[in-house]
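# Summary of the model geometry
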Amino acid sequence: MSLLANTLCLLLFFSSSVLRVAQGSSRGSLGRKNGATTFPPSLLGDDGICASSVVIHGYKCQELQVTTADGYILSVQRIPEGRSGNGNNQTKQPVILQHGILVDGAQWLLNGPEQNLPLILADNGFDVWISNTRGTRFSRRHVSLDPSSKAYWDWSWDELASYDVPAVVEYVSSQTGQKPHYVGHSLGTLTVLASFSEGKLVNQLKSAALLSPIAYLSHLTTQLLDVAAKFYLDEFIRIFGISEFVPKGIPVQAFLKLVCTHPGVDCYDLLPVITGKNCCLNSSTIELLLKNAPQSTASKNLVHLAQTIRSGVLAKYNYVRPDYNFMHYGEASPPIYNLSNIPHDVPLFLSYGARDALSDVVDVQTLLDSLKSHDADKLSVQFIKDYAHLDFVMGVNAKDVVYNAVISFFNRQFN
């Protein structure tokens with residue numbers, strides 16, 4: 001495996017990506033066109049996620065756009081019904097699916113129809129909406145900013161929690177007349193938890209299912225990410241002045257080469273090193289993922305995650321200088337996201353795995369401790385001893401192990 005492949009492992013921060021690039025090959029490299037990043041030919045093509053991953057299986061699918069309050073234009077796919085049709089769309093319960101970092105909504109659709117969550121939900125009578133975070137392949141538009149500008153990339157997961165998720169929820173509600181359920185994986189769980197803690201979305205969502213939940217990050221069992229977060233990432237981004245973090249760019253390769261030479265960091269066997277030892281991945285599914293990942297994110301987003309790892313505290317982005325923090329927050333330190341403020345009657349389903357190196361069991365327990373006052377009938381927790389980070393979205397047995405439990409949880413919500 002090449003040095004590039006070894007070093008790209010940092011880019012798996014809280015995502016379901018796994019990277020493998022042949023040494024010396026330029027296949028899949030990113031270029032620049034008219035000032036913006038251009039992506040290589042891939043499984044998705046230019047027609048979008050519906051054409052490549054949904055319609056080909058006999059399902060209806062719509063490509064839609066949602067504009068956030070701060071001007072980002074997000075790609076959203078709607079799968080309104082199952083393959084057999086199954087009923088009136090106006091009476092179906094909507095469900096929003098939110099992916100993690102460095103991938104897009106296609107991550108949910110890498111397995112076949114009988115094994116991927118969106119199509120399973122559709123076949124079970126749900127109206128499925130797949131959200132794509134700003135900066136990903138089909139969400140690289142803004143009402144006034146160009147992706148080649150630094151201003152376009154001036155955001156972290158704070159903005160995803162404040163703007164992206166609320167915009168999609170409001171749009172789905174307006175189109176369906178109903179409160180949707182929410183399913184998040186990895187970073188997609190952190191954003192909704194942060195929103196809930198500030199009193200947002202608690203009345204707009206019917207429930208939330210959190211797969212491989214990310215909140216507190218003090219006990220990552222991957223030494224590689226821990227070293228990168230604690231010692232290198234901020235300085236690297238400052239030196240190179242990088243606003244868009246392009247995973248396959250040359251500066252990133254140089255940075256990760258440095259991280260991988262740190263004592264105690266083993267970059268040889270990437271997948272278990274980063275995600276934990278996944279039990280149930282199909283090699284053909286991994287190949288599909290490799291054709292479309294990783295995707296860009298804001299450098300500021302990665303720095304914010306690194307700050308969370310270092311501090312052990314869930315807080316807004318730290319501008320370091322007290323005067324800068326004061327300018328943004330009205331106080332010298334960034335405000336804390338207090339997850340114990342999440343209303344006790346918000347229906348939550350959490351599913352986590354014993355082998356997950358990113359959503360570590362100790363950190364999940366800290367999250368659960370913050371929810372200890374939650375109404376007992378509103379909190380469901382599932383622990384899967386064999387699962388690691390990727391199994392929740394790519395596991396060949398996830399339907400039986402996780403997704404059926406999610407559907408049962410949704411069906412029990414009557415508010």
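Quick look at the structure, then. Bear in mind the structure is a predicted one, so any value in this text is a computation, not a measurement.

Reading guide: rules and limits
Residues numbered from 1 in each chain as written. Predicted model: local features only at pLDDT ≥ 70, side-chain atom pairs only at ≥ 80, totals over all residues. Heavy atoms only, no water. Helix = DSSP H or I, 4+ residues; strand = E, 2+ residues; numbered from the N terminus. Buried < 20%, exposed > 50% of the residue type's maximum accessible area, 1.4 Å probe, protein only. Contact = heavy atoms within 4.5 Å. Areas by Shrake-Rupley, 256 points an atom, 1.4 Å probe, with all protein chains shown as cover. Disulfide = S-S within 2.5 Å. Phe/Tyr/Trp six-rings, centres within 6.5 Å; stacked < 30°, edge-to-face > 60°. Lys NZ or Arg CZ within 6 Å of the ring centre and 35° of its normal. Polar contact = N/O pair within 3.5 Å; in protein donor to acceptor, adjacent residues only side chain to side chain. Pairing = 2+ DSSP bridges. Right-handed = clockwise from strand over helix to strand, strands pointing away.

### Comments concerning the overall build of the chain
Within the chain one finds 14 helices and 13 strands. Counting across all 415 residues of the chain, residues that qualify as buried make up 59%. The contacts of the chain with a sequence gap of at least 6 include a subset with a gap of at least 24, amounting to 76%. Per element, the accessible surface of the chain, about 15,900 Å² overall, is 51% carbon and sulfur.

### Considering the state of the cysteines
Evaluation of the coordinates by the stated rule reveals one disulfide. Between the sulfur atoms of Cys50 and its disulfide mate Cys61 the distance is 2.0 Å. Across the disulfide from Cys50 to Cys61, rotation about the S-S bond amounts to roughly -65°, and the bridge is consequently left-handed. With Cys50 in helix H2 (residues 49–53) and Cys61 in the loop between H2 and strand S3 (62–67), the pair connects residues that are eleven residues apart, well separated along the chain. Of the two residues, Cys50 and Cys61, both sit in the buried class.

### Some details on the packing of aromatic side chains
If you walk through the whole model with that rule in mind, you get twelve aromatic pairs. With a centroid separation of 4.8 Å and 75° between ring planes, the pair formed by Tyr317 and Tyr319 is classed as edge-to-face. Note on accessibility: Tyr317 and Tyr319 belong to one class, buried. Between Phe409 and Phe410 the ring centres are 6.0 Å apart and the planes differ by 45°, which places this aromatic pair in the tilted class. Through a chain of ring-to-ring contacts, the aromatic side chains of Tyr72, Tyr152, Trp153 and Trp155 assemble into a single cluster. A cation over an aromatic ring shows up here: Arg134 above the ring of Tyr72, its NZ or CZ 3.8 Å from the ring centre. The ring of Trp155 is capped by Arg134, whose NZ or CZ atom sits 5.7 Å from the centre of that ring.

### Here we look at the environment of Thr189
Here Thr189 lies in helix H5 (residues 187–197). The sequence separation of Thr189 and Gly100 amounts to 89 residues, and the corresponding C-alpha distance is 8.2 Å. Each residue touching Thr189, except ones within four places of it in the same chain, is listed here: Gly184, Leu210, Leu211, Ser212, Pro213 and Ile214. Polar contacts involving the side chain of Thr189 include one to the main-chain amide nitrogen of Ile214, which spans 2.8 Å.

### A word on the pairing of strand S4 (residues 72–79)
A large share of S4 lies buried, amounting to eight of its eight residues. The sheet contact formed by S3 and S4 spans six bridges and is antiparallel. Paired with Gln65 across the two strands is Ser75, which belongs to S4. Remark: four residues form the turn of the hairpin made by S3 and S4, two consecutive strands paired antiparallel; Gly71 in that turn has positive phi of roughly 95°. Where S4 lies against strand S7 (residues 141–142), two bridges are found, and the strand directions are antiparallel. Paired with Tyr72 across the two strands is His142, which belongs to S7.

### Some words on the side chain of Lys300
In this fold, Lys300 is placed in helix H10 (residues 299–311). A distance of 3.0 Å separates polar atoms of two side chains, one belonging to Lys300 and the other to Asp154. Side-chain polar atoms of Lys300 contact the side chain of Tyr319, separated by 2.8 Å.

### Considerations on the environment of Arg321
With respect to the helices and strands, the residue Arg321 is situated in the loop between H10 and helix H11 (322–329). Once the C-alpha coordinates of Arg321 and Ser333 are considered, the two residues, twelve residues apart in sequence, prove to be 8.7 Å apart.

### Topic: the pairing of strand S8 (residues 181–185)
For S8, the tally of buried residues reaches five of five residues, placing the bulk of the element in the interior. Here S8 shows a buried face lined by His181, Val183 and His185 and a second buried face lined by Tyr182 and Gly184. Strand direction decides the pairing type here: strand S5 (residues 93–98) and S8, joined by four bridges, are parallel. Within S8, the position partnered with Leu97 by the bridge is Val183. In terms of handedness, the path from S8 via H5 over to strand S9 (residues 207–211) forms a crossover that is right-handed.

### Regarding H5
Judged by how many residues are buried, H5 sits mostly within the fold: eleven of eleven residues are covered. Listing the buried residues of H5 in full gives Leu187, Gly188, Thr189, Leu190, Thr191, Val192, Leu193, Ala194, Ser195, Phe196 and Ser197. Where H5 terminates, the next one or two residues include Gly199, which has phi positive at roughly 80°.

### Some thoughts on the environment of Ala405
Here Ala405 shows up in helix H14 (residues 398–411). For the pair formed by Ala405 and Ser351, sequence separation is 54 residues and the distance between their alpha carbons is 9.4 Å. Discounting chain neighbours no more than four positions away, the residues touching Ala405 are Phe349 and Gln382.

### Quick look at unusual backbone geometry
Phi at Leu102 is positive, roughly 70°, even though this residue is not glycine. Tracing the sequence through the fold places Leu102 in the loop between S5 and helix H3 (117–123). With a relative accessible area of 2%, Leu102 lands in the buried category. For Leu201, which is not glycine, the phi dihedral falls at a positive 70°. By secondary structure assignment, the location of Leu201 is in the loop between H5 and S9.

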